[in-house]
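Here is how the chains run, residue by residue.
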Amino acid sequence: MAGKADKAAALIRDGGQKAKAAATKVYVVAKDPETQAKAGKLLADGKKIYRAVTSPEAKDTYRKVVAVIDKMRKK
């Protein structure tokens, strides 16, 4: 039993060290100005796409396309 407990403790200790190393890498990448600029650009693009998709014109176009598809299925 003692061997298993030692192995479990070693796994937990190694896992903690690996988690710390991974967190450090993520922190370094997140603090990188270039990465922040890319993330900001992606956020802005996402906002533009969301506005375009949820606009009244897009909803109206969707309804028209659905009506055409329904007509095509009935034929």
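Residues numbered from 1 in each chain as written. Predicted model: local features only at pLDDT ≥ 70, side-chain atom pairs only at ≥ 80, totals over all residues. Heavy atoms only, no water.

A look at the overall build of the chain
The criterion, for reference: Secondary structure elements are taken from DSSP: a helix is a run of H or I of four residues or more, a strand is a run of E of two residues or more, and numbering for both begins at the N terminus. Within these notes, the globule rule equals 2.2 Å times the number of residues to the 0.38 power, and the radius of gyration is based on C-alpha atoms. For every residue, the accessible area obtained with a 1.4 Å probe (protein chains only) is divided by the maximum for its type, and the residue is called buried under 20%, exposed over 50%, and partly exposed between those limits. Note that His is not counted, nor are the chain ends; the positive residues are Lys and Arg, and the negative ones are Asp and Glu. Think of each charge as sitting on NZ of Lys, CZ of Arg, CG of Asp or CD of Glu.
Secondary structure assignment for the chain yields 3 helices and 0 strands. Listing each helix as α and each strand as β along the chain from the N terminus yields α-α-α. Here the chain has a C-alpha radius of gyration of 26 Å; the compact-globule value for 75 residues is 11 Å, and the former is much larger. With respect to the principal axes defined by its C-alpha atoms, the chain has extents near 75 × 40 × 15 Å. Considering the chain as a whole, with its 75 residues, one finds that 1% of them fall into the buried category. Here the chain holds 19 positive side-chain charges and 8 negative ones, and the gap between their average locations is 4 Å.

Re the confidence of the model for the chain
Short version of the rule: The pLDDT score gives, residue by residue, the confidence of the prediction method on a 0 to 100 scale.
Of the residues in the chain, 97% reach a pLDDT of 70 or more, and the chain-wide mean stands at 88. Looking across the chain, the model is least confident in helix α1 (residues 2-31), with a mean pLDDT of 83, and most confident in helix α2 (residues 33-53), with 93.

Remarks on the side chain of Ser55
The line we're drawing: Under the rule applied, a polar contact is a pair of N or O atoms within 3.5 Å (in protein, one hydrogen donor and one hydrogen acceptor; residues adjacent in sequence only if both atoms are side-chain atoms).
Mapped onto the fold, Ser55 is located in the loop between α2 and α3 (56-74). For Ser55, a relative accessible area of 16% translates into the label buried. Reaching out from Ser55, the side chain makes a polar contact with the backbone oxygen of Ala52 at a distance of 3.0 Å.

What to know about the pattern of salt bridges
Put simply, the test is: Only one rule defines a salt bridge in this text: a Lys or Arg side-chain nitrogen within 4 Å of an Asp or Glu carboxyl oxygen.
For the coordinates displayed, the defined rule picks out 3 salt bridges. Note that Glu34 is salt-bridged to Lys38, the shortest N-O span being 3.8 Å. In this pair, Glu34 and Lys38 both sit in helix α2, 4 residues apart, roughly one turn of the helix. Accessibility classification places Glu34 together with Lys38 in one group, the exposed group. The salt bridge partner of Lys41 is Asp45, with a shortest N-O separation of 3.3 Å. Remark: Asp45 and Lys41 occur in helix α2; sequence separation between them is 4 residues, near one turn of the helix. On the accessibility criterion, Lys41 (53% relative accessible area) is exposed. For Asp45, a relative accessible area of 27% puts it in the partly exposed group.

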